[in-house]
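Here is what each chain is made of, one letter per residue.
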Amino acid sequence: QVQLVESGGGLVQAGDSLRLSCAASGRTFSNYAMDWFRQAPGKEREFVAGISWKGGTTDYADSVKGRFTISRDNSNNRVYLQMNSLKPEDTAVYYCATGRGRVVTTKGDDMDFWGKGTLVTVSS
């Protein structure tokens, strides 16, 4: 059973930084791409960032490009999301997710496993 556990969320002010972490277990982590999604209150879930199985390819939502960086540590089965220059509109629950492939996909329907999420709140 694959388990994904997010951590690192919190309450910050606009312009601050946060680093989210997702610990994975239950299968060979390094064989699969990893994604971050988010869901803001009253809005649909949206893709944030994804990274391929070896970390060679990344993809980002336009809204976070240049501010967020996804990375992974295959030796420790973790994926990270470094979030800089945070804005109030980044407020959401952030979810770690993974599917069956090695390449990045931006579609939530392609994900097979999800964490429970970590809340990020950015005050103005």
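All figures in this text were calculated on a predicted structure; none of them were measured in a lab. (Residues numbered from 1 in each chain as written. Predicted model: local features only at pLDDT ≥ 70, side-chain atom pairs only at ≥ 80, totals over all residues. Heavy atoms only, no water.)

Novice: Teacher, can you tell me more about the nonpolar core here?
Specialist: Soluble, globular proteins show a tendency: their nonpolar side chains are buried together. Core analysis: the biggest nonpolar cluster contains 32 residues, and Trp36, Val79, Leu81, Met83 and Tyr94 have the highest contact counts within it. When residues of this core are traced back to their parent elements, those giving at least two are strand 3 (18–25), strand 4 (34–39), strand 5 (46–51), strand 7 (68–73), strand 8 (78–83), strand 9 (92–98) and strand 11 (118–123). With near-sequence residues (within four places) excluded, Val79 lies in contact with Leu20, Ser21, Cys22, Phe29, Met34, Trp36, Ile51, Ile70, Ser71, Arg72 and Cys96. (Core = buried A, V, L, I, M, F, W, Y, C linked by side-chain atoms within 4.5 Å. Buried < 20%, exposed > 50% of the residue type's maximum accessible area, 1.4 Å probe, protein only. Helix = DSSP H or I, 4+ residues; strand = E, 2+ residues; numbered from the N terminus. Contact = heavy atoms within 4.5 Å.)

Novice: Which parts of the structure should I look at to understand the pairing of strand 3?
Specialist: Put simply, side chains in a regular strand alternate between the two faces of the sheet. For strand 1 (residues 3–7) and strand 3, the ladder comprises five bridges, and the chain directions are antiparallel. Directly across from Val5, in strand 3, lies its bridge partner Ala23. Summarising the sheet, strand 3 and strand 8 pair through six bridges and their orientation is antiparallel. Residue pairing in the sheet places Leu20 in a bridge with Leu81 of strand 8. (Pairing = 2+ DSSP bridges.)

Novice: What is the right way to read the layout of surface pockets from this model?
Specialist: In this approach the atoms are scanned with a rolling probe the size of a water molecule, which exposes any empty space left behind. For the largest pocket, the calculated volume is near 150 Å³. Together, Arg38, Gln39, Ala40, Lys43, Glu44, Glu46, Glu89, Asp90, Thr91 and Ala92 line the largest pocket. Its residues placed into classes, the lining of the largest pocket shows two nonpolar, two polar and six charged. (1 Å grid on protein atoms, 1.4 Å probe; cavity = no way out; pocket = protein on both sides within 12 Å on 5 of 7 lines; lining within 4 Å. Points joined across faces, edges and corners; volume = space filled by probe spheres on them. Nonpolar A, V, L, I, M, F, W, Y, C, P; charged D, E, K, R; others polar.)

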